[in-house]
Amino acid sequence: MASAIWFVLLTIVVFHLSAVFSGDVGINYGREGDNLPSPKQVIDFLTKNFSNKIGLIRIYDANIEILEALSGTNLVVTIGVPNEAINYVASSQDAADKWVQDHIITYVRKGVRFRYLCVGNEVIPGILATCVEPAIMNLHNSVRKAGYDFIFVTTAVAANVLGTSYPPSQGQFAPDVADVMSSITHCLYSLGSPLLINVYPYYALVEDPVHIPFEYALFTSRTPIRDGHLEYYNLFDAMVDAFVAAMVRVVQREDVKLVVSETGWPTDGRIGYAITDYARTYNNKLREHAIVSGRTPRKADINLEVYIFAMFNEDLKTPEEEKNFGTFYPNFTEKYPLWR
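Definitions and limits used
Residues numbered from 1 in each chain as written. Predicted model: local features only at pLDDT ≥ 70, side-chain atom pairs only at ≥ 80, totals over all residues. Heavy atoms only, no water. Helix = DSSP H or I, 4+ residues; strand = E, 2+ residues; numbered from the N terminus. Rg over C-alpha atoms; globule rule 2.2 N^0.38 Å. Contact = heavy atoms within 4.5 Å. Areas by Shrake-Rupley, 256 points an atom, 1.4 Å probe, with all protein chains shown as cover. Lys, Arg positive; Asp, Glu negative; His and termini not counted. Charge placed at Lys NZ, Arg CZ, Asp CG, Glu CD. Pairing = 2+ DSSP bridges. Axes fitted to C-alpha atoms, helices over the stretch in contact; angles between N-to-C directions. Buried < 20%, exposed > 50% of the residue type's maximum accessible area, 1.4 Å probe, protein only. Parallel < 35°, antiparallel > 145°, perpendicular 65-115°, else oblique. Left-handed = near helix turned anticlockwise from the far one by under 90°. Nonpolar A, V, L, I, M, F, W, Y, C, P; charged D, E, K, R; others polar. Polar contact = N/O pair within 3.5 Å; in protein donor to acceptor, adjacent residues only side chain to side chain. Expected span 1.5 Å × (residues − 1). Salt bridge = Lys/Arg side-chain N within 4 Å of Asp/Glu carboxyl O. Disulfide = S-S within 2.5 Å. Right-handed = clockwise from strand over helix to strand, strands pointing away.

### Quick look at the overall build of the protein chain
Moving on, step 1. Helix and strand counts for the protein chain stand at 11 helices and 12 strands.
Moving on, step 2. Relative to its length of 340 residues, the protein chain is compact, with a C-alpha radius of gyration of 20 Å against a globular reference of 20 Å.
Moving on, step 3. With the principal axes as the frame, the protein chain shows a C-alpha extent of 60 × 50 × 45 Å.
Moving on, step 4. Taking contacts inside the protein chain between residues at least 6 apart in sequence as the whole, the part at least 24 apart equals 71%.
Moving on, step 5. By element, 54% of the accessible surface of the protein chain is carried by carbon and sulfur atoms, the whole surface being about 14900 Å².
Moving on, step 6. Positive and negative charge centroids in the protein chain, built from 28 and 37 side chains respectively, lie 7 Å apart.

Take a look at the structure:
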């Protein structure tokens, strides 16, 4: 009997670990397009064809069709509180409790495996910036009251919250958001939640091609850029470690937590940069880096968790290159070999 119980417990542990750490590479599922398949078709496709390759998925709102489709699957989910709902969940504990009841508790009971609850996407800097921390705290209280200690509440920010990012060791938050980001960093650290960061070497390259070597942005450089005793062979690691430095500067501790909630490379939209060959190279080398190395030069213990942007092209976005980050066509064929 005892051996049977231990077997069951071991099976449960392995099942959970394999779902959460499936290569530590997931996918962003955005829906700003008018030619996309239904949520049920998308989730069925992923679970039937890529269950051992794509174990993590990020969605940007609490769309009922998506949540129903995710019910009972092994996909581990990052769910977003949409920007337009941040004020509401920040306004009171009761409001946060209701949002969690409607969108989290209901679907945990239906078998959705939430991991992160993300308050907005890239709302800092902006008019909602000061609402993010109270929203995080209210939602954290709500999920803990429900007994869900496996769900971590956080927010997602872009590289523009950094005022200094080079060299990576000098990373610090920009003056206009320093107070907000410092407070949020302390908040997340106290809760044990990671900060979600959207990291795009592609945009850094096109904004400063004179000073950023193409190969360095594309994961193909053989010559490191040194920062003290650390060597950086790619811009992705440098950008992540700049965030690490900024957070460490705030909390004065090295054990800060980060998740790369978006990264990718477009296949069209900017001549000379956004082409399929570069997207294939970047995303494949990114996956290999996350799965094989799982670390950055500064953070040996970071266990890189990365979400590639995106599932599909989204033709309702602007500007043009924003439309072309998809790794699948709407008919579910891959744009280029990546996930197999």
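Read on for the rest.
### Quick word on the sheet that holds strand β11 (residues 258–263)
Moving on, step 1. Read around the closed barrel, the eight strands follow the order β1-β2-β3-β4-β5-β8-β11-β12; overall the barrel is parallel. Between one strand axis and the next, the sheet turns through 25° on average, direction left out of account.
Moving on, step 2. Here helix α5 (residues 93–108) sits on the sheet and contacts β3 (76–81) and β4 (113–121); the angle it forms with β4, its principal contact strand, is near 155°.

### Some words on the pairing of strand β5 (residues 152–158)
Moving on, step 1. Summarising burial for β5: seven of the seven residues are buried, a large majority.
Moving on, step 2. Neither face of β5 is exposed, since F152, T154, A156 and A158 on one face and V153, T155 and V157 on the opposite face are all buried.
Moving on, step 3. Bridging between β4 and β5 involves four bridges; their strand directions are parallel. Residue pairing across strands places L117 opposite V153, the latter belonging to β5.
Moving on, step 4. In the sheet, β5 pairs with strand β8 (residues 195–198) via three bridges, with the strands oriented parallel. When the sheet's bridge partners are listed, A156 is paired in β8 with L196.

### Focus: the packing of helix α6 (residues 129–145) against helix α7 (residues 178–191)
Moving on, step 1. One can describe the packing of α6 onto α7 by two numbers: an axis separation of 9 Å at closest approach and a directional angle of 10°. Viewed along their axes, α6 and α7 adopt a mutual orientation that is roughly parallel. Viewed along their axes, α6 and α7 form a crossing whose handedness is left-handed. Of α7, the residues touching α6 (which contributes A129, T130, V132, E133, I136, M137 and H140) are V180, S183, I184, C187, L188 and L191.
Moving on, step 2. Across the contact of α6 with α7, the residue classes break down as nine nonpolar, three polar and one charged.

### Side note on the environment of D241
Moving on, step 1. If you trace the backbone, D241 turns up in helix α10 (residues 235–251).
Moving on, step 2. On a C-alpha basis, the gap between D241 and Y166 in space is 9.9 Å, while along the polypeptide they are 75 residues apart.
Moving on, step 3. Sequence-distant contacts of D241, defined by excluding residues within four places in its chain, comprise P168, Y232, T296, P297, R298 and K299.
Moving on, step 4. A polar contact of 2.9 Å, which involves the side chain of D241, links it to the backbone nitrogen of R298.

### Quick word on α6
Moving on, step 1. For α6, built from 17 residues, the straight-helix expectation of 24 Å at 1.5 Å per residue is met to within 8% by its first-to-last C-alpha distance of 26 Å.
Moving on, step 2. Those residues of α6 lying buried are A129, C131, V132, A135, I136, N138, L139, H140, S142 and V143.
Moving on, step 3. Phi for G147, located one or two positions after α6, is positive at around 85°.

### Regarding the pattern of salt bridges
Moving on, step 1. With the rule as written, the count across this model stands at 15 salt bridges.
Moving on, step 2. A salt bridge links R58 to E262; the nearest nitrogen and oxygen atoms lie 3.3 Å apart. Of this pair, R58 sits in strand β2 (residues 56–59) while E262 is found in strand β11, placing the two residues 204 residues apart along the sequence.
Moving on, step 3. The partner of R270 in a salt bridge is E321, with the nearest N and O atoms 2.9 Å apart. With R270 in the loop between β11 and α11 (276–293) and E321 in the segment after β12 (306–308), this residue pair connects regions lying 51 residues apart in the sequence.

### So, the state of the cysteines
Moving on, step 1. Evaluated as defined, the whole model comprises zero disulfides.
Moving on, step 2. Here C118 stays unpaired: no disulfide links it, and the sulfur of C187, its closest cysteine neighbor, is 13 Å away.

### Let's talk about the pairing of β2
Moving on, step 1. Neither face of β2 is open: one carries L56 and R58, the other I57 and I59, and all of them are buried.
Moving on, step 2. Inspection of the sheet shows strand β1 (residues 25–29) paired to β2 by three bridges, in the parallel sense. From the neighbouring strand, N28 faces β2, where its bridge partner is R58.
Moving on, step 3. On the question of chirality, the crossover connecting β1 to the parallel β2 by way of helix α2 (residues 39–49) is right-handed.
Moving on, step 4. Bridging between β2 and β3 involves four bridges; their strand directions are parallel.

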